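# Tertiary structure, described
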Amino acid sequence: MSPKDARKLMVRRLIESGIIKSAPVAKAMELVERHLFLPSNMKEHAYLDTPLQIGEGQTISAPHMVAMMAEGLDLKTGLRVLEVGGGSGYHAAVMAELVKPDGRVYSMERIPSLAESARQNLKTAGYEGIVEVIVGDGTRGLPDRAPFDRISIAAAAPYVPEPLKQQLAENGKMLIPVGGRYYQELTLVVRKGEKFIEKNLGGCVFVPLIGEFGYKD
Ligand code: SAM
């Protein structure tokens, strides 16, 4: 099966299982070529709905989790998005499809070698101008570029980092897995003035968010 057909099948299954609910998310997942974000020994598994190793002990997120987070964040053209935990760049590319042409994704990754390959992957896949990859501790956010309409965190946090709350725009939305190292609740945080309303969207498993306002190692 060609990568294009494999992607179509993957998206059809995500629609049938109720994870993809909207046409824009279906289109974005169908357009972004996940195999371009994987090391060569993993490419053949690109359209399985599972996380895969990308090096440095880290993983590319499973397609169902990327789709679920894209639906939960209600991404639209023109929005400014902060991503924490850029990994391979795949999830950032899906969000870029949803916010382009006027929106922008700032993707923070703490491991420099992963950030560099994410930059290359995003360039190959055609998202160089929409996604900026920044090396750093994403638990501190990016105060110089704040506020953000959306914040997407793809690593497990012990609690919602205060700097990220403060960098959320009014009515802005953040999705973050909160809990222990081996199991978390995907948590939606919506800013209303100085209030932050939280909603639990269900269980998930991510690698740890390591930083000043996350796990220490
Ligand atoms: N969504 C990514 C993708 O599609 O490839 C996968 C993200 S992977 C599950 C989580 C990433 O978060 C890892 O690459 C890890 O190095 C990164 N990470 C962990 N703590 C971080 C922090 N404080 N700041 C930035 N990145 C962090």
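Up top is the structure.
All figures in this text were calculated on a predicted structure; none of them were measured in a lab. (Residues numbered from 1 in each chain as written. Predicted model: local features only at pLDDT ≥ 70, side-chain atom pairs only at ≥ 80, totals over all residues. Heavy atoms only, no water.)

## Remarks on the nonpolar core
Here is a general trend for soluble globular proteins: nonpolar side chains tend to be buried in one another's company. Stated precisely, the cut-off is as follows: Nonpolar core, defined: a set of buried Ala, Val, Leu, Ile, Met, Phe, Trp, Tyr and Cys residues in which side-chain atoms within 4.5 Å join the residues together. Whether a residue is buried, partly exposed or exposed follows from its accessible area with a 1.4 Å probe, protein chains only, as a fraction of its type maximum: under 20%, in between, or over 50%, in that order. A helix here means a DSSP run of H or I that spans at least four residues, while a strand means a run of E at least two residues long, and both kinds are numbered starting from the N terminus. Should any heavy atoms of two residues lie within 4.5 Å, those residues are counted as being in contact.
Membership of the largest hydrophobic core comes to 55 residues, with the highest contact counts inside it found for Met29, Phe37, Tyr90 and Tyr127. Contributing elements (two or more residues each) for this core: α1 (3-16), α2 (23-31), β1 (52-55), α3 (63-73), α4 (90-99), α5 (112-125), β5 (131-135) and β8 (184-192). Sort the elements by how many residues they give to this core and α4 lands first, with eight residues. Residue contacts for Met29: discarding those within four places in its chain leaves Arg7, Met10, Val11, Leu14, Ile20, Pro63, Val66, Ala67, Tyr90 and Val94. With 20 residues, the next largest nonpolar core counts Met108, Ile134, Phe148 and Val178 among its residues.

## Concerning the packing of α3 against α4
Applicable threshold: Axes, fitted as lines to C-alpha atoms, cover a helix only where it is in contact. Angles between the N-to-C directions of the axes lie from 0 to 180 degrees. A crossing counts as left-handed when the near helix is turned anticlockwise from the far one by less than a right angle, and as right-handed when that turn is clockwise. Side-chain classes follow a simple rule in which Ala, Val, Leu, Ile, Met, Phe, Trp, Tyr, Cys and Pro form the nonpolar group, Asp, Glu, Lys and Arg form the charged group, and the remainder, Gly included, forms the polar group.
Two elements in contact, α3 and α4, have axes separated by 10 Å at closest approach and are oriented at 35 degrees. In terms of crossing hand, the pair formed by α3 and α4 is right-handed. In this structure, α3 uses Val66, Met69 and Ala70 to contact α4, whose residues at the interface are Tyr90, His91, Val94 and Leu98. Among the residues forming the contact of α3 with α4, the class breakdown is six nonpolar, one polar and no charged.

## Here we look at the site of the ligand
Filter applied, for reference: A cutoff of 4 Å decides nearness: a residue is near a molecule or strand if any of its heavy atoms lies inside that distance of it. Definition of a polar contact: a pair of N or O atoms within 3.5 Å, with one able to donate and the other able to accept a hydrogen when the atoms are protein atoms, and with sequence-neighbouring residues admitted only if both atoms are side-chain atoms. All accessibility values rest on the Shrake-Rupley procedure with a 1.4 Å probe; residue burial counts only the protein chains present in the view.
Around the ligand there are 27 residues in total, and Ser88, Glu109, Asp137, Gly138 and Ile210 lie nearest to it. For the ligand, an oxygen atom lies 3.2 Å from a polar atom in the backbone of His91. When the ligand is considered free in solution it has 610 Å² of accessible area, and contact with the protein chains removes 99% of it. Where the shell around the ligand is concerned, the elements lending two or more residues are β2 (58-60), α4 and β4 (104-109). Among the elements that take part in the shell around the ligand, β2 stands out by supplying three residues, more than any other. The residue inventory of the shell around the ligand, partitioned by class, reads twelve nonpolar, twelve polar and three charged.

## Notes on the sheet that holds β5
Note the following rule: The pairing criterion is simple: DSSP has to find at least two bridges between the two strands.
If you walk across this open sheet you meet the seven strands as β5-β4-β3-β6-β7-β8-β9, and the pairing is mixed. Each having just a single partner strand, β5 and β9 (195-204) make up the two edges of the open sheet. Sheet twist, expressed as the mean angle between neighbouring strand axes with direction ignored, is 15 degrees. Each of β6 (148-153), β7 (168-179), β8 and β9 is contacted by α3, which is oriented at about 150 degrees to β7, the strand it contacts most. Across the face of the sheet, α4 comes into contact with β3 (80-84), β4, β5 and β6 while running at roughly 165 degrees to β4.

## Considerations on the pattern of salt bridges
Rules: Should a side-chain nitrogen of Lys or Arg be within 4 Å of a carboxyl oxygen of Asp or Glu, the pair is scored as a salt bridge.
What the rule picks out here adds up to twelve salt bridges. Measuring nitrogen to oxygen at the nearest pair gives 3.7 Å for the salt bridge that ties Arg12 to Glu16. With Arg12 and Glu16 both in helix α1, this residue pair falls four residues apart, about one helical turn. Summarising the burial analysis for this pair, Arg12 and Glu16 share the class exposed. Here Lys165 and Glu162 are joined by a salt bridge, their closest N and O atoms 3.8 Å apart. Remark: Glu162 and Lys165 occur in helix α6 (residues 162-166); sequence separation between them is three residues, near one turn of the helix. What makes Lys165 buried here is its relative accessible area of 16%.

## Topic: α1
Using the following cut-off: By this rule, a helix spans an expected 1.5 Å times one less than how many residues it contains. Here the arc refers to the set of directions running from the helix axis out to each C-beta atom.
For α1, spanning 14 residues, the distance from its first C-alpha to its last is 20 Å, which sits close to the expected 20 Å at 1.5 Å a residue. Looking at α1, one finds that the buried residues are Ala6, Arg7, Met10, Val11 and Leu14. Buried residues of α1, viewed axially, fall in a sector of 135 degrees; they line one side. In this structure, α1 carries Lys4, Arg12, Arg13 and Glu16 as exposed residues pointing more than 90 degrees from its buried face. Positive backbone phi, at 85 degrees, marks Gly18, one or two positions downstream of α1.

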